[in-house]
Amino acid sequence: MERWYRSPMGLVHEDYARLLALRNGLRRFLRWSEQQAEGAGLTPNQHQLLLAIRGHDDPRGPTIGEVADYLLLRHHSIVELVDRADSAGLVTRHRDDDDRRVVRLQLTDDGADRLEALSAQHLEELGRLALQLPAASKGLVPVHPIHGLRGSRTGTPPHGIRVARVYDYAPAPGTAAVLVDRLWPRGLSRAGAPFDVWLKDLAPSTELRRWYGHVPDRYPDFAERYRIELRGEAARQAVEQLHTLTARQDLVLLTAAKDVERSGPIVLRDLLTGA
């Protein structure tokens, strides 16, 4: 088989193939896990929170800081997540018996019951995947990508994907520029648009966009809800169009949002790149 790149370290195609198979298997499990959590009435982050509390070694429960380490999130994001879970009757806070300054977390009966049901499902699924993943790590079993989030590949490595503000972007040779906002950019003429493709179906819904209102503290929740919307049929078809474009050239996702780093295209870029 023809190699795409010369490898100074002596890697061959099969080395890359088995890494791809292993990573796809892991991502397949994570996406399945998100769907099971939603079916149980939990967000994926709430599921992770419950698991971080129940799986903690100290029977008194973890602190906010320890949960932040488990979930790789900032302290204020964990506080907001715990606040919502507390309001939903899933977790409780209590003071440490030895140090009253320390707040620890425990599950409510409802939170424990939901987590137990989900964990039983996950252990069963892990048992099934265990038959594939060890073999995949040796390059023996191809693990297929998640349907709807990974398009077919032509054998060409995907090109780069970045996000830019539509008003600042200048067309570049060899780069596909796509507007992924639901509304046409204010003040921009059709003739002067620096893009050829407008995929409105990839934009957040009107309801979600209005709820978000580009309030920075709402961005984590916005991103989570937007990822769920991207699983809809129209969005999946548009995602496939973007995968096709990235197989041939670099891709720029354009938006009129002022806060580009907390915009929908950032969520979309991370989905496309598997970040």
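The structure we're discussing is the one just above.
Residues numbered from 1 in each chain as written. Predicted model: local features only at pLDDT ≥ 70, side-chain atom pairs only at ≥ 80, totals over all residues. Heavy atoms only, no water.

### Some thoughts on the packing of aromatic side chains
Piece 1. For the structure shown, the criterion picks out seven aromatic pairs.
Piece 2. Measuring from ring centre to ring centre gives 5.2 Å for Trp-184 and Trp-198, while their planes differ by 75°; the resulting arrangement is edge-to-face. One end of the pair, Trp-184, is in the loop between β4 (175-179) and β5 (197-198); the other, Trp-198, is in strand β5, and 14 residues separate them in sequence.
Piece 3. Classification of Trp-198 as partly exposed rests on a relative accessible area of 25%.
Piece 4. Measuring from ring centre to ring centre gives 5.8 Å for Phe-222 and Tyr-226, while their planes differ by 20°; the resulting arrangement is stacked. Note that Phe-222 and Tyr-226 are positioned in helix α8 (residues 219-229) at a spacing of four residues, about one turn of the helix. (Phe/Tyr/Trp six-rings, centres within 6.5 Å; stacked < 30°, edge-to-face > 60°. Helix = DSSP H or I, 4+ residues; strand = E, 2+ residues; numbered from the N terminus. Buried < 20%, exposed > 50% of the residue type's maximum accessible area, 1.4 Å probe, protein only.)

### Overview of unusual backbone geometry
Piece 1. At Leu-72, a position not held by glycine, the phi torsion is positive, near 55°.
Piece 2. If you trace the backbone, Leu-72 turns up in the loop between α3 (64-71) and α4 (75-87).
Piece 3. Of note in the backbone geometry, His-214 takes a positive phi value of approximately 55° without being a glycine.

### Considering the nonpolar core
Piece 1. Within the largest apolar cluster, 27 residues are counted, with the highest numbers of intra-cluster contacts made by Leu-202, Leu-242, Leu-251, Leu-253, Leu-268 and Leu-272.
Piece 2. Excluding its chain neighbours within four sequence positions, the residues that come into contact with Leu-202 are Val-180, Tyr-226, Leu-230, Ala-235, Ala-238, Val-239, Leu-242 and Leu-268.
Piece 3. Core analysis: the second largest hydrophobic core is formed by 19 residues, Leu-49, Ala-68, Leu-71 and Val-82 among them. (Core = buried A, V, L, I, M, F, W, Y, C linked by side-chain atoms within 4.5 Å. Contact = heavy atoms within 4.5 Å.)

### Quick look at the layout of surface pockets
Piece 1. Estimates place the volume of the largest pocket at around 1,800 Å³.
Piece 2. Taken together, 50 residues line the largest pocket, and the ones lying closest to its centre are Glu-34, Asn-45, Gln-48, Leu-73 and Arg-227.
Piece 3. For the lining of the largest pocket, the secondary structure elements donating two or more residues are α1 (13-39), α2 (44-54), α3, α4, α5 (109-129), α8 and α10 (264-273).
Piece 4. Grouping the constituent residues of the lining of the largest pocket by class yields 25 nonpolar, nine polar and 16 charged. (1 Å grid on protein atoms, 1.4 Å probe; cavity = no way out; pocket = protein on both sides within 12 Å on 5 of 7 lines; lining within 4 Å. Points joined across faces, edges and corners; volume = space filled by probe spheres on them. Nonpolar A, V, L, I, M, F, W, Y, C, P; charged D, E, K, R; others polar.)

### Structural notes on the pattern of salt bridges
Piece 1. One pass over the full model with this rule turns up 14 salt bridges.
Piece 2. Measuring nitrogen to oxygen at the nearest pair gives 2.5 Å for the salt bridge that ties Asp-83 to Arg-93. Linking Asp-83 in helix α4 with Arg-93 in strand β1 (residues 91-95), this pair joins segments that are 10 residues apart in sequence.
Piece 3. According to the relative accessible area criterion, Arg-93 is partly exposed, its value standing at 35%.
Piece 4. We note a salt bridge from Arg-101 to Asp-99, for which the minimum N-O separation is 3.0 Å.
Piece 5. When its relative accessible area of 71% is taken as the criterion, Arg-101 is described as exposed.
Piece 6. By relative accessible area, Asp-99 is classed as partly exposed at 24%.
Piece 7. Each of Arg-31, Glu-34, Glu-38 and Arg-231 takes part in one network of salt bridges that share partners. (Salt bridge = Lys/Arg side-chain N within 4 Å of Asp/Glu carboxyl O.)

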